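Listed below are the residues making up each chain.
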Amino acid sequence: MLRYMKIMLGETPFLLREPDEFDYTEEEEARILEARKNDPRSLMLVAEAGGEIIASADVRSHGAKSRVRHRADLGISVRRDFWRQGVGSALMERLLAFSVKAGFEQVELEVVAKNRRALNLYLKYGFTVYGTRPHGIKYADGSYADDYLMVRVL
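What you see is a predicted model, and the numbers here were worked out from it, not measured in a lab.

The rules behind the values
- Residues numbered from 1 in each chain as written.
- Predicted model: local features only at pLDDT ≥ 70, side-chain atom pairs only at ≥ 80, totals over all residues.
- Heavy atoms only, no water.
- Helix = DSSP H or I, 4+ residues; strand = E, 2+ residues; numbered from the N terminus.
- Rg over C-alpha atoms; globule rule 2.2 N^0.38 Å.
- Buried < 20%, exposed > 50% of the residue type's maximum accessible area, 1.4 Å probe, protein only.
- Contact = heavy atoms within 4.5 Å.
- Lys, Arg positive; Asp, Glu negative; His and termini not counted.
- Charge placed at Lys NZ, Arg CZ, Asp CG, Glu CD.
- 1 Å grid on protein atoms, 1.4 Å probe; cavity = no way out; pocket = protein on both sides within 12 Å on 5 of 7 lines; lining within 4 Å.
- Points joined across faces, edges and corners; volume = space filled by probe spheres on them.
- Nonpolar A, V, L, I, M, F, W, Y, C, P; charged D, E, K, R; others polar.
- Pairing = 2+ DSSP bridges.
- Core = buried A, V, L, I, M, F, W, Y, C linked by side-chain atoms within 4.5 Å.

Quick notes on the overall build of the chain
What the chain contains, in helices and strands, is four helices and six strands. Along the chain, helices and strands appear, N-terminal first, in the series α-α-β-β-β-α-β-α-β-β. Taken over the C-alpha trace, the chain has a radius of gyration of 15 Å; the compact-globule value for 154 residues is 15 Å, and the two agree within 12%. Projected onto its principal axes, the C-alpha coordinates of the chain cover approximately 40 × 35 × 30 Å. Taking all 154 residues of the chain together, 40% fall into the buried category. Nonlocal contacts in the chain, meaning residues at least 24 apart in sequence, comprise 55% of its contacts between residues at least 6 apart. Across the chain, the mean location of the 24 positive side-chain charges is 6 Å away from that of the 23 negative side-chain charges.

As structure tokens, then:
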């Protein structure tokens, strides 16, 4: 998973970190993965090809407080070599099915406005844009990108 994240962060400007900001140790990553595995309102998936992780996706509760317990946060990333092969769609279908079974009433996400591939995937699965965050992302070179806030009611 650590290797996958390093690759992903170098392949796309649409994730929330610069490559050098991902500095988890194997022990830290193992603790995070174990906590997610033991959370009944969380699902983390990976897709593999040739023994390598090529995609990662997750959905988890927005929080434990009663007023937000009905909401879930979702994220998907796919390595560039596997774009446009249905990997994102396969992961999305599993995440949405899990979300319904887990009792979530809506799933939310944020996506960089320029990330057309991801935006099209989310629209295909019924997400709608409910807001735009100007300058939601600031890159190392000082430039900015807006991001969209999206939701799908289940």
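Regarding the layout of surface pockets
Roughly 180 Å³ of internal volume is contained in the second largest pocket. Taken together, 14 residues form the lining of the second largest pocket, with Leu15, Leu16, Arg17, Glu18 and Tyr139 sitting closest to its centre. A total of three residues in the lining of the second largest pocket trace back to one element, the largest contributor, which is strand S5 (residues 128-138). Each residue belonging to the lining of the second largest pocket can be placed in one class, and the counts come to eight nonpolar, two polar and four charged.

Examining the pairing of strand S2 (residues 52-61)
With eight of ten residues buried, S2 lies mostly within the body of the structure. Turn length for the strand S1 (residues 42-49)-S2 hairpin, with the two strands adjacent in sequence and antiparallel, is two residues, and the turn residue Gly50 shows positive phi of about 60°. Direction of pairing for S2 relative to strand S3 (residues 71-78): antiparallel, over a ladder of seven bridges. Each residue of the ladder has a partner; that of Ala55, found in S3, is Val78.

Notes on the nonpolar core
By size, the foremost hydrophobic cluster in this structure holds 31 residues, and its most contacted members are Leu74, Ile76, Met92, Tyr122 and Phe127. Secondary structure elements with two or more residues in this core: S1, S2, S3, helix H3 (87-101), strand S4 (106-112), helix H4 (116-124) and strand S6 (144-153). Sorting elements by how many residues they give to this core places H3 first, with six residues. Once you skip the residues sitting within four places of it in the chain, Ile76 turns out to touch Ser56, Ala57, Gly88, Leu91, Met92, Leu95, Leu121 and Tyr122. Formed by six residues, the second largest nonpolar core is a distinct cluster that contains Tyr4, Met8, Phe22 and Ile53.

Some remarks on the environment of Gly10
Along the polypeptide, Gly10 turns up in helix H1 (residues 2-11). For Gly10, a relative accessible area of 60% puts it in the exposed group. Taking C-alpha positions, Gly10 is 34 Å from Glu105, a pair spaced 95 residues apart along the chain.

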